[in-house]
2 protein chains.
Amino acid sequence: MDDAENLTVAERIRQQFEDLTRAERQLANCMLEDYPVSGLGSITAVAETSGVSTPTVARMARKLGFGGFPQMQAQLHSELKATISNPINKHDLWAENAPGTHILNRFAEAVMENMRQTLRQINPTDFNAVAQLLSDPKRDIYAVGGRITRSMADHFFTHMQVMRSGVTLMAPNSNTWAHYVLNMKEGDVLVAFDIRRYEHDILRLAEVAKSRGVTFILFTDQWGSPAGKFATHSLNSRIEVPSAWDSLVVTLFLVEAVIAAVQNETWDETKDRMKILEELFDQTKMFKKFI
Amino acid sequence: MDDAENLTVAERIRQQFEDLTRAERQLANCMLEDYPVSGLGSITAVAETSGVSTPTVARMARKLGFGGFPQMQAQLHSELKATISNPINKHDLWAENAPGTHILNRFAEAVMENMRQTLRQINPTDFNAVAQLLSDPKRDIYAVGGRITRSMADHFFTHMQVMRSGVTLMAPNSNTWAHYVLNMKEGDVLVAFDIRRYEHDILRLAEVAKSRGVTFILFTDQWGSPAGKFATHSLNSRIEVPSAWDSLVVTLFLVEAVIAAVQNETWDETKDRMKILEELFDQTKMFKKFI
DNA sequence: CTATATCTGAAAATATATTTTCAAAAATAA
DNA sequence: TTATTTTTGAAAATATATTTTCAGATATAG
């Protein structure tokens, strides 16, 4: 009978407004007023807000072609979801090049979604605090990664090293870590990367470091490494992609953003260091030869 | 007890994320995923979507400081109402957390834009060809990076090594490279990373390798490394961000996408290798100790 | 005005949602 | 490993939500 299964609630109301009774119209107007949020509570709540009885609400839902009030509400939910979930940045951007099912597209969508989710979840206070800690020249910094995240620690180290002194990249091999811990002093900062397949050694390291008064910063995934319980600040990123492995793209994004933030904090000293570094590179280049 | 009566659900989740248990984290992630719409259904619906039990949902609501699930949902309703009725903050997915000019936001926007540009520009034919080449077990693979891109080469190597044999990560120090070239045979693949501040040594390496019949794959930036002229396939990514350095986020995305593509190509052999690797890890773990 | 059809909401009946309880499972400590 | 604690979800208990019933209210026609 209803060919209009996919009409919005608002459309159905407008379409059938003439057939509605007095109490129903009152309800309809109220629902359209703060649409669609006003229809989100229980039938009782909706009825009260509109000043009608619950049966009226149930009846109108039927009249509009739904099985009942819950069905109408479900429709409102999905409309809301469609509205809220980003209008601009989906799909359309690269589709022209690769067919819809191409791994490049699927991967890209997953990564973009990971970015969004991560950004929504990130705690700016933590982020700022991390940048602050890493900008403090009195604190030495130690970076460490696991089997997969090693490259993140490496990247982090490479850039931090340019901006300040007292930065150490810990060897990936955990049986060398005791020596690093030996050098850590209270207030120093340990930056660790630990994602799914969490490494037990990192957990132990965090515990030991923490017990010696070291500030522990953790880059981990959405589920959170167990080492999180020792972390002063945790930066979680989404890592799931259509692959047998996890994606570190968003983690890298966070690392680079932190680096940029630190650079902002310390720009006065950093810019001189960078200049000197450039000069050093130029000089050494002149000595190098290949084959 | 809670001075934080007026925190959003999302904020409360973030604040207490560390205190949440496994099932609760799973739920929390699901709720943040389509926030706040995902938390709008009945407790049963929310539980089912997240794959946890209803008591878990009720418990978490309590843990976050609400009287119960209905109270939490009421809070979601009012948040939603505030969001919807305020056209300004609409759809800005992370804006709620950090003010508009926060480095995190600016960085994110730049990276997203880089992704889009890169994807629009990428040549799927090149991409596929690269995946094909790297999946060919008869070709040995050599990976090399520069000062900044070293971590990309490292990441690439770590994953390729799992999928197949005959993969070599070249030391970053260019005066060791001659030895690697000595081992390269015709048809082998050299994968190099070279971005702005292009390194002269990479150019020379590419030239020499090419002259010996080695297939050269280059990951570079939007402007293209000079080594590009020796490249069989070039994968360019946008790297500009509001920072003194360039961003490797999109480069990493391409690397991971290539890895995923290779994995697809070689899944039959790869899955066995991965299984064996897992077993090896389990075994070696038993021998390890820290401090 | 009265007769009749329609609408409406209080209250009962029913269906769902939510919380509580508790034993099994999982994690952690010893 | 084994003991202990914590976490978890199935099922029962409870609380709410939703629908149905039906008598009174309201509108409409004659």
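In what follows, the structure referred to is the one given above.
Keep in mind it's a predicted model, so treat the numbers as computed, not measured.

Analysis parameters
- Residues numbered from 1 in each chain as written.
- Chains lettered and ligands numbered in written order.
- Predicted model: local features only at pLDDT ≥ 70, side-chain atom pairs only at ≥ 80, totals over all residues.
- Heavy atoms only, no water.
- Helix = DSSP H or I, 4+ residues; strand = E, 2+ residues; numbered from the N terminus.
- Buried < 20%, exposed > 50% of the residue type's maximum accessible area, 1.4 Å probe, protein only.
- Contact = heavy atoms within 4.5 Å.
- Areas by Shrake-Rupley, 256 points an atom, 1.4 Å probe, with all protein chains shown as cover.
- Pairing = 2+ DSSP bridges.
- Axes fitted to C-alpha atoms, helices over the stretch in contact; angles between N-to-C directions.
- Near = heavy atom within 4 Å.
- Polar contact = N/O pair within 3.5 Å; in protein donor to acceptor, adjacent residues only side chain to side chain.
- Nonpolar A, V, L, I, M, F, W, Y, C, P; charged D, E, K, R; others polar.
- 1 Å grid on protein atoms, 1.4 Å probe; cavity = no way out; pocket = protein on both sides within 12 Å on 5 of 7 lines; lining within 4 Å.
- Points joined across faces, edges and corners; volume = space filled by probe spheres on them.

**Quick look at the overall build of chain A**
Regarding its fold elements, chain A presents twelve helices and five strands. Counting the 291 residues in chain A, one finds 55% classified as buried. Within chain A, residue pairs in contact and separated by at least 24 positions form 66% of the contacts whose partners lie at least 6 positions apart. Counting only carbon and sulfur atoms, one obtains 52% of the accessible surface of chain A, whose full area is about 13,100 Å².

**Overview of the sheet that holds strand S3 (residues 189–194) of chain A**
Residues and elements named next belong to chain A. Taken in spatial order, the five strands of this open sheet run S2-S1-S3-S4-S5, and their pairing is parallel. Single-partner strands in this sheet number two, and they are strand S2 (167–169) and strand S5 (233–237). On average, adjacent strands in this sheet sit at an angle of 15 degrees to one another, irrespective of strand direction. Of the pairings in the sheet, the one linking strand S1 (residues 141–144) to S3 comprises four bridges and is parallel in character. By the bridge assignment for S3, Tyr142 is matched with Leu190. Along the sheet, helix H7 (residues 124–135) contacts S1, S3, strand S4 (215–221) and S5; its crossing angle with S5, the most-contacted strand, is approximately 120 degrees.

**As for the protein's contact with DNA strand D**
By nearness alone, 17 residues border DNA strand D, and A:Ile43, A:Arg62, B:Thr21, B:Ala23 and B:Thr56 come closest of all. Backbone sugar and phosphate groups make up 71% of those atoms of DNA strand D lying within 4 Å of the protein. With respect to DNA strand D, the backbone of B:Ala23 contributes an N or O atom lying 2.7 Å from a phosphate oxygen. Within the side chain of B:Arg59, a nitrogen or oxygen atom sits 3.0 Å from a base nitrogen of DNA strand D. It is helix H4 (residues 54–63) of chain A that provides the largest number of residues to the surface near DNA strand D, a total of four residues. Of the residues contributing to the surface near DNA strand D, the split by class is seven nonpolar, seven polar and three charged.

**Examining empty space enclosed by the protein**
Tallied over the full model, the rule gives two cavities of 30 Å³ or more. A volume near 60 Å³ is recorded for the largest cavity. In terms of lining, the largest cavity is formed by A:Phe107, A:Val241, A:Ser243, A:Trp245, A:Asp246, A:Ser247, B:His155, B:His159, B:Glu256 and B:Ile259. Of all elements in the fold, only helix H8 (150–163) and helix H11 (249–265) of chain B reach the threshold of two or more residues within the lining of the largest cavity. Of the residues assigned to the lining of the largest cavity, the class counts are four nonpolar, four polar and two charged.

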